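Here are the chains, one letter per residue:
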Amino acid sequence: MNEANDKPLYLEDLHVGQRFTSGSYDMDEDRMKAFATEFDPQPFHVDEAAAKKSIFRGLAASGWHTAAATMRLLVTGGLQFANGIVGLGGELSWPKPTRPGDTLRVESEILEIIPSRSKPDRGVVIVRSVTLNQNGEQVQLLTAKLLVFRRNFDPQVSL
C-alpha cells in the first residue's frame, strides 16, 4: 500500500514505518539477454545451455538488470519523492535469481529519517526496498540512503 496518495513527497511528509508498494515489471527473456550481453556478459545470463550447468540451474537475469528494473519501479511509483530519488549509497543483495517471465514488484519501508544539521532544507532517509517476484520470493534486497528535500528546497542551491 502506498500511503502517499499520488502527490510528490517531501521530507516532512515522511515517517518511520511508512510503506510503499510499486507497480509491476515483467522480466522478458530477450531483454534479459540483451542487457547481460551489453553489461554483464556471463554465460549463465546469456546462454540457456551454459546456464543449466551453472549454479543457477537455468537462465538468470544479471543482478544489475534486477537492480535497474527495481529503480524503474521505484521512480515510476514506488517512492514518489519530490525532486527525484537521489541515492547517497546503500547495501544490495540478491538472495534468489530473477528468471525469464518473472513479474517483479517492490515493497519499501522507511527505516530512519535524519534531518541535516548543516543544510536544513534536506535530510537523509534510510529506505529498505524488497524486490519480489510473482511468488512473493525475494530476488533483491536494497537498503539505501536517499537524499530527500523539504518543501522549501531551492533547486538552484548546490548539493
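For the structure, check the block above.
Criteria and thresholds
Residues numbered from 1 in each chain as written. Predicted model: local features only at pLDDT ≥ 70, side-chain atom pairs only at ≥ 80, totals over all residues. Heavy atoms only, no water. Phe/Tyr/Trp six-rings, centres within 6.5 Å; stacked < 30°, edge-to-face > 60°. Helix = DSSP H or I, 4+ residues; strand = E, 2+ residues; numbered from the N terminus. Buried < 20%, exposed > 50% of the residue type's maximum accessible area, 1.4 Å probe, protein only. Pairing = 2+ DSSP bridges. Axes fitted to C-alpha atoms, helices over the stretch in contact; angles between N-to-C directions. Contact = heavy atoms within 4.5 Å. Core = buried A, V, L, I, M, F, W, Y, C linked by side-chain atoms within 4.5 Å. 1 Å grid on protein atoms, 1.4 Å probe; cavity = no way out; pocket = protein on both sides within 12 Å on 5 of 7 lines; lining within 4 Å. Points joined across faces, edges and corners; volume = space filled by probe spheres on them. Nonpolar A, V, L, I, M, F, W, Y, C, P; charged D, E, K, R; others polar.

### Focus on the packing of aromatic side chains
- On inspection of all chains with the given rule, the structure shows 3 aromatic pairs.
- Pairing Phe 35 with Phe 39 gives two aromatic rings, centres 5.0 Å apart and planes at 45°, and the pair type is tilted. Residue Phe 35 and its partner Phe 39 are both found in helix H1 (residues 29-39); the two are separated by 4 residues, about one turn of the helix.
- Exposure remark for Phe 39: the relative accessible area of 53% places this residue in the exposed category.
- On the numbers, 5.1 Å between centres and 80° between planes, the contact of Trp 64 with Trp 94 is edge-to-face. Within this pair, whereas Trp 64 is found in helix H4 (residues 63-78), its partner Trp 94 is found in the loop between strand E2 (86-93) and strand E3 (103-115), the two being separated by 30 residues in sequence.
- Since its relative accessible area comes to 35%, Trp 94 is described here as partly exposed.

### Some points on the pairing of strand E5 (residues 138-149)
- Examined bridge by bridge, E2 and E5 share 7 bridges and lie antiparallel to one another. Bridging across to E5, Val 86 finds its partner in Leu 147.
- Relative to E5, strand E4 (residues 122-132) runs antiparallel, the two sharing 11 bridges. Paired with Thr 131 across the bridge in E5 is Gln 140.
- Counting the residues between successive antiparallel strands, the hairpin from E4 to E5 contains 5 residues, one of them, Gly 136, with a positive phi of roughly 80°.

### Looking at the sheet that holds E5
- As summarised here, the arrangement of the 5 strands in space is E1-E3-E4-E5-E2, forming an open sheet in which the pairing is antiparallel. Every interior strand has two partners, whereas the edge strands, strand E1 (19-26) and E2, have only one. On average, each strand axis in the sheet is inclined to that of its neighbour by 25°, with strand direction left out of account.
- In the packing of H4 onto the sheet, the strands contacted are E1, E2, E3, E4 and E5, and the crossing angle to E1 comes to about 125°.

### Details of the nonpolar core
- Leu 14, Met 27, Leu 79, Phe 81, Val 125, Leu 146 and Val 148 are the most contacted members of the largest nonpolar core, which totals 22 residues.
- Mapped by element, the contributors of at least two residues to this core are E1, H4, E3, E4 and E5.
- Element by element, the count of residues in this core is highest for E5, at 4 residues.

### Thoughts on the environment of Ala 36
- By the secondary structure assignment, Ala 36 is in helix H1.
- Sequence spacing of Ala 36 and His 65 is 29 residues, and the spatial spacing of their C-alpha atoms is 7.6 Å.
- Aside from chain neighbours lying at most four places away, what touches Ala 36 is Pro 41, His 45 and Val 46.

### Re the layout of surface pockets
- There is about 230 Å³ of room inside the largest pocket.
- Met 71, Leu 74, Leu 142, Ala 144 and Leu 146 are the residues nearest the centre of the largest pocket, which is lined by 18 residues in total.
- Among the secondary structure elements, those contributing two or more residues to the lining of the largest pocket are H4, E2, E4 and E5.
- Partitioned by chemical class, the residues of the lining of the largest pocket number 12 nonpolar, 5 polar and 1 charged.
- As for the second largest pocket, its lining consists of 14 residues, and the residues nearest its centre are Phe 56, Ala 61, Ser 62, Gly 63 and Trp 94.
- In terms of residue count, the dominant contributor to the lining of the second largest pocket is H4 (3 residues).

Purely geometric numbers; function is a separate question.
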